[in-house]
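Architecture at a glance
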Amino acid sequence: MTEWESPYYLFLIIPIWVWTFYSYWIKEPALGIELRIPGKVQSTTFSLKRFLSSMAPLIRPIVLTLFVIAVAGPGKRYRFLPDETKGVDIILALDVSGSMSKSRDFLPETRLGVSKKLLKEFIRKRENDRLGLVVFAGGAYLQSPLTSDREVLEEILSQAEEETVPEQGTAIGDALILSCYRLRRSPAKSKVIVLITDGASNTGRIDPVTATEIAKGVGVKIYSIGIGKEDQSYEVNFEILDILSKRTGGVFYRAEDISELREVLASIDSLEKDLLILPPEEVRESESLIFLTYALALLGLDLLVRSWVFRYYV
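The residue numbers shown here count from 1 along each chain, following its written sequence. With pLDDT at 70 or above as the cut-off, local features in this predicted model cover only qualifying residues; side-chain atom pairs require 80 or more to be listed or tallied, and sums for whole chains, interfaces and linings still use all residues. Values shown for side chains rest on all heavy atoms present in the structure; no hydrogens or waters enter the calculation.

Per an unreviewed UniProt entry, the recorded name for the protein chain is VWA domain-containing protein, and the organism is Leptospira selangorensis.

Here is the structure:
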């Protein structure tokens, strides 16, 4: 979208065209909008010179308009993140198992649907950080590496479903190991895993406690969220989530409804905010030179037409 440094200059375009309209349509309407050359009788038959004569009076107001636009300073603004070592790198580890996609205690949506919806809100708030996405059930898969492109990440998150992971079960340890692997070389000041699951770890190559020790070794904090209400339809072990979080300096949360889950994500958002020494850098690309070039080119055309075609210049 085009932005303006001094948009109020654009109001100068109004008197330019009011003057043009008055001069060529009102003041001397019989001559129409034609270049008036002293001592020349205007022909009524069509000719190239007559056509150029009718167009020539418009060149000067167009040139003035382009000059005004150039002075108003059109351009585009680009925003760049500051040094990544001063921000936060976050991996979202989302459980997409059957219990998440089929449960109905978050009516009219499922636990997975609510989680994705609120995670998108969380992503939009983290303007200065990089985020990635890991989905897991009986296995864990990277869906997005760490990125600052929030729109792409939201699109990838929208497509995460139960079918994304073919293995059945809940492999929390595998999800944590994969997340730590993506964070291990991160230069960020803070490295975080946000783990969202509704069940106990019952499969996978790595048990969660071992994965937690690895997370501690690479300086990763785990914020785990136990989502949903406890019932007899699936196995629950929220105690282990509390242990995982405390061992890495994170926090465990319970979220039994939509409002609680939103509050939990808001709490994590407020906890994991690092003060940046430098604000995000904004670079503005000016387009004034383009309009100035057009104006000078038309001015040269005006000079050429009046001097060489009509041999008259005022």
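Overview of the environment of Gly 139
For the record, the criterion: In this text, helices come from DSSP runs of H or I with a minimum length of four residues, and strands from runs of E with a minimum of two, each type numbered from the N-terminal end. Contacts were defined at the residue level, with two residues in contact if any of their heavy atoms lie within 4.5 Å.
Inspection of the secondary structure assignment puts Gly 139 in the loop between strand S4 (130-136) and strand S5 (140-147). Sequence separation between Gly 139 and Thr 170 is 31 residues, and the spatial gap between their C-alpha atoms is 7.4 Å. The contact partners of Gly 139, leaving out residues within four places of it in the chain, are Val 165, Glu 167 and Ala 171.

Notes on the nonpolar core
Which entries qualify depends on this criterion: Remark: nonpolar core denotes a set of buried residues (Ala, Val, Leu, Ile, Met, Phe, Trp, Tyr, Cys) joined through side-chain atoms within 4.5 Å. Exposure is judged per residue with a 1.4 Å probe applied to protein chains only, and the accessible area is read against the type maximum: over 50% gives exposed, under 20% gives buried, and values in between give partly exposed.
If you look at the biggest cluster of nonpolar residues, it comprises 33 residues, and the most contacted ones within it are Leu 92, Leu 94 and Ile 225. Elements that contribute at least two residues to this core include exactly strand S3 (88-95), helix H4 (111-125), S4, helix H5 (150-158), strand S6 (190-197), strand S7 (220-227), strand S8 (252-255) and helix H9 (258-271). In terms of residue count, the dominant contributor to this core is H4 (six residues). If near-sequence neighbours (up to four positions away) are discounted, Leu 94 is found in contact with Met 100, Leu 112, Ser 115, Lys 116, Leu 119, Leu 133, Val 134, Val 135, Phe 136, Leu 157 and Ile 196. Within the second largest apolar cluster, 23 residues are counted, among which are Leu 146, Cys 180, Ala 211 and Ala 215.

Observations concerning empty space enclosed by the protein
Short version of the rule: Here the term cavity refers to a set of points on a 1 Å grid, laid over the protein atoms alone, in which a 1.4 Å probe fits but cannot get out; the term pocket refers to an open set having protein on both sides within 12 Å along at least five of seven lines, with lining residues being those that place an atom within 4 Å of a point. Grid points are joined across faces, edges and corners, and a volume is the space filled by probe spheres set on the points.
Taken as a whole and assessed by the stated rule, the structure comprises three cavities of 30 Å³ or more. Taken as a whole, the largest cavity encloses approximately 60 Å³ of empty space. Elements with a minimum of two residues in the lining of the largest cavity: H4 and H9.

A few points about a nonpolar patch on the surface
Threshold: Distance thresholds for patches are 9 Å for like charges and 5 Å for nonpolar side chains (Val, Leu, Ile, Met, Phe, Trp, Tyr), applied to residues having over 30% relative accessible area and no salt bridge. Note on areas: these come from Shrake-Rupley sampling with a 1.4 Å probe, and a residue is covered only by the protein chains present in the view. A side-chain nitrogen of Lys or Arg and a carboxyl oxygen of Asp or Glu constitute a salt bridge if their distance falls within 4 Å.
Together, Tyr 8, Phe 11, Ile 14 and Val 18 give the surface a local cluster of nonpolar side chains, amounting to about 500 Å² of exposed area. Inspection of the secondary structure puts Tyr 8 in the loop between strand S1 (3-4) and helix H1 (13-26).

Looking at the pairing of S7
How we decide: Paired strands are those between which DSSP finds at least two bridges. With strands facing away from the observer, any crossover in which the path from the first strand over the helix to the second runs clockwise is taken as right-handed.
A large share of S7 lies buried, amounting to seven of its eight residues. Here seven bridges tie S6 to S7, and the two strands are oriented parallel to one another. Each bridged residue has a counterpart across the sheet, and for Thr 197 the counterpart in S7 is Gly 226. With helix H7 (residues 208-217) bridging S6 and the parallel S7, this β-α-β connection has right-handed handedness. Here S7 pairs with S8 via four bridges, running parallel.

Let's talk about the sheet that holds S3
The condition that has to hold: Only the contacting stretch of a helix is used when fitting its axis, a line to C-alpha atoms as for every element, and angles between N-to-C directions run 0 to 180 degrees.
The strand order across the open sheet formed by six strands is S5-S4-S3-S6-S7-S8, and the pairing between neighbours is mixed. Across the chains shown, the open sheet's two edge strands, defined by having one partner strand only, are S5 and S8. Across the sheet, the axes of successive neighbouring strands diverge by a mean angle of 15°, strand direction being ignored. Here S3 pairs with S6 via seven bridges, running parallel. Note that in S6 the partner of Asp 89 across the bridge is Lys 191. On the sheet, H5 packs against S3, S4 and S5 and is oriented at approximately 10° with respect to S4.

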